[in-house]
Amino acid sequence: MAYEHILVETRGSVGLIILNRPKAMNALCADLAREIAEAVDAYEADDAIGALVVTGSEKAFCAGADIKEMQSKSYMDVYKEDFITVNWERLSQCRKPVIAAVAGYALGGGCEFAMMCDFILAAENAKFGQPEILIGTIPGAGGTQRLPRFIGKAKAMEMALTGRMMDAEEAERAGLVSRIVPADELVDEAVATAEKIANLSQPIVMLAKESVNRAYETTLAEGIRFERRVFHSTFSTEDQKEGMSAFAEKRTAEFKHR
Ligand code: CAA
């Protein structure tokens, strides 16, 4: 499919989505959000793809919602179209694993977009922030909810109330990013990590993702119960038999994704 604001590349079993709207620092206009949703749909439907990577440019992962596009919208406009819901949330609903590879600015909707992914690899020059307060609004794509879950109330509140940015080192210390990678290795490292995941059993990977995500949506007791049932269900798969047999026989497992 031809896209205007993104590039897509299939590398092995990994679907790579590159935000490519350089004139606006990859700000999320409606068409960009729609194209990302379409690319996620396509990769999700493709059995040959086991994991996704979303990235931007070296300068900007994404500078947030397109301020020029939304500045004149009325309350009725945003309410009626359910602004920042359709297409925007598609990434958070992806059942396959998604890694955000963030270099440069990840601000506002860009930071929220990265947090919708399963984990974030950051280049040394990455900068995260929720600067909506500086333009007279608040985060609208999950920033006030996901950020405190990642980094705790104190830092999240300071960022939301002041618009202060966090650099990659602080973001790693605070738990927002899983690892910092040299900028020129960022995408290759993210794709290599995604490829490792894609070579495991796809259904088991999806169950693991669902189970970790449940931790953010329920009580500990309910979450543990959910995990136990999902763990039990893995024993109904061919891949669990293959994985454990391969270990006992000292060979590499060949998963069939069944
Ligand atoms: N929307 C629209 N255009 C944007 C944009 C955005 N979010 N961010 C950057 N741009 C555009 C600039 O207007 C500029 O365009 P022109 O060349 O036509 O003037 C171009 O990208 C380059 O930007 P700068 O000249 O500002 O570049 P810089 O290096 O000096 O600064 C920056 C970079 C710090 C990212 C700065 O552009 C900036 O602060 N951007 C806005 C960030 C922001 O407020 N994001 C939150 C948006 S609201 C939101 O996301 C709501 C939500 O929760 C979903």
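Scope of this entry: the structure provided in the associated data block. Quick caveat, the model's predicted, so the values are computed rather than measured.

1. Quick word on the side chain of Arg90
Then, in step 1: Summarising the element assignment, Arg90 is placed in the loop between α3 (75-80) and β5 (98-102).
Then, in step 2: On the basis of relative accessibility, which here comes to 15%, the residue Arg90 falls in the buried class.
Then, in step 3: For Arg90, the residues in contact, after removing those within four places along its chain, are Ala37, Val40, Asp41 and Glu44.

2. Describing the environment of Arg179
Then, in step 1: By the secondary structure assignment, Arg179 is in strand β10 (residues 179-181).
Then, in step 2: The class for Arg179 is partly exposed, based on a relative accessible area of 33%.
Then, in step 3: With eleven residues separating them in the primary sequence, Arg179 and Ala168 have C-alpha atoms 8.9 Å apart.
Then, in step 4: Apart from the residues lying within four places of it in its own chain, the contact partners of Arg179 are Ile120, Leu121, Ala122, Glu172, Glu189 and Thr193.
Then, in step 5: There is a polar contact of 3.1 Å between the side chain of Arg179 and the side chain of Glu189.
Then, in step 6: There is a polar contact of 3.3 Å between the side chain of Arg179 and the side chain of Thr193.

3. Comments concerning a negative patch on the surface
Then, in step 1: There is a patch of like negative charges on the surface, built from Glu58, Glu124, Asp167, Glu169, Glu172, Asp184 and Glu185.
Then, in step 2: Here Glu58 lies in the loop between β3 (51-55) and β4 (60-62).
Then, in step 3: Judged by its relative accessible area of 55%, Glu58 is exposed.

4. Comments concerning the site of the ligand
Then, in step 1: As a structural note, the neighbourhood of the ligand is formed by 24 residues, with Lys68, Gly109, Glu112, Glu132 and Gly140 the closest of them.
Then, in step 2: With respect to the ligand, the backbone of Lys23 contributes an N or O atom lying 3.4 Å from an oxygen atom.
Then, in step 3: Within the side chain of Glu132, one N or O atom sits 2.8 Å away from an oxygen atom of the ligand.
Then, in step 4: In the complex, 65% of the free accessible area of the ligand, which totals 980 Å², lies under the protein chains.
Then, in step 5: The set of elements that each furnish at least two residues to the shell around the ligand consists of α2 (67-70), β6 (105-107) and α4 (109-116).
Then, in step 6: Among the elements that take part in the shell around the ligand, α2 stands out by supplying three residues, more than any other.
Then, in step 7: The residue makeup of the shell around the ligand, split by class, is 15 nonpolar, four polar and five charged.

How each quantity is defined
- Residues numbered from 1 in each chain as written.
- Predicted model: local features only at pLDDT ≥ 70, side-chain atom pairs only at ≥ 80, totals over all residues.
- Heavy atoms only, no water.
- Helix = DSSP H or I, 4+ residues; strand = E, 2+ residues; numbered from the N terminus.
- Buried < 20%, exposed > 50% of the residue type's maximum accessible area, 1.4 Å probe, protein only.
- Contact = heavy atoms within 4.5 Å.
- Polar contact = N/O pair within 3.5 Å; in protein donor to acceptor, adjacent residues only side chain to side chain.
- Patch = residues over 30% accessible without salt bridge, like charges linked within 9 Å, V, L, I, M, F, W, Y side chains within 5 Å.
- Areas by Shrake-Rupley, 256 points an atom, 1.4 Å probe, with all protein chains shown as cover.
- Salt bridge = Lys/Arg side-chain N within 4 Å of Asp/Glu carboxyl O.
- Lys, Arg positive; Asp, Glu negative; His and termini not counted.
- Charge placed at Lys NZ, Arg CZ, Asp CG, Glu CD.
- Near = heavy atom within 4 Å.
- Nonpolar A, V, L, I, M, F, W, Y, C, P; charged D, E, K, R; others polar.

Scope: geometric values only; no functional claims are made or implied.
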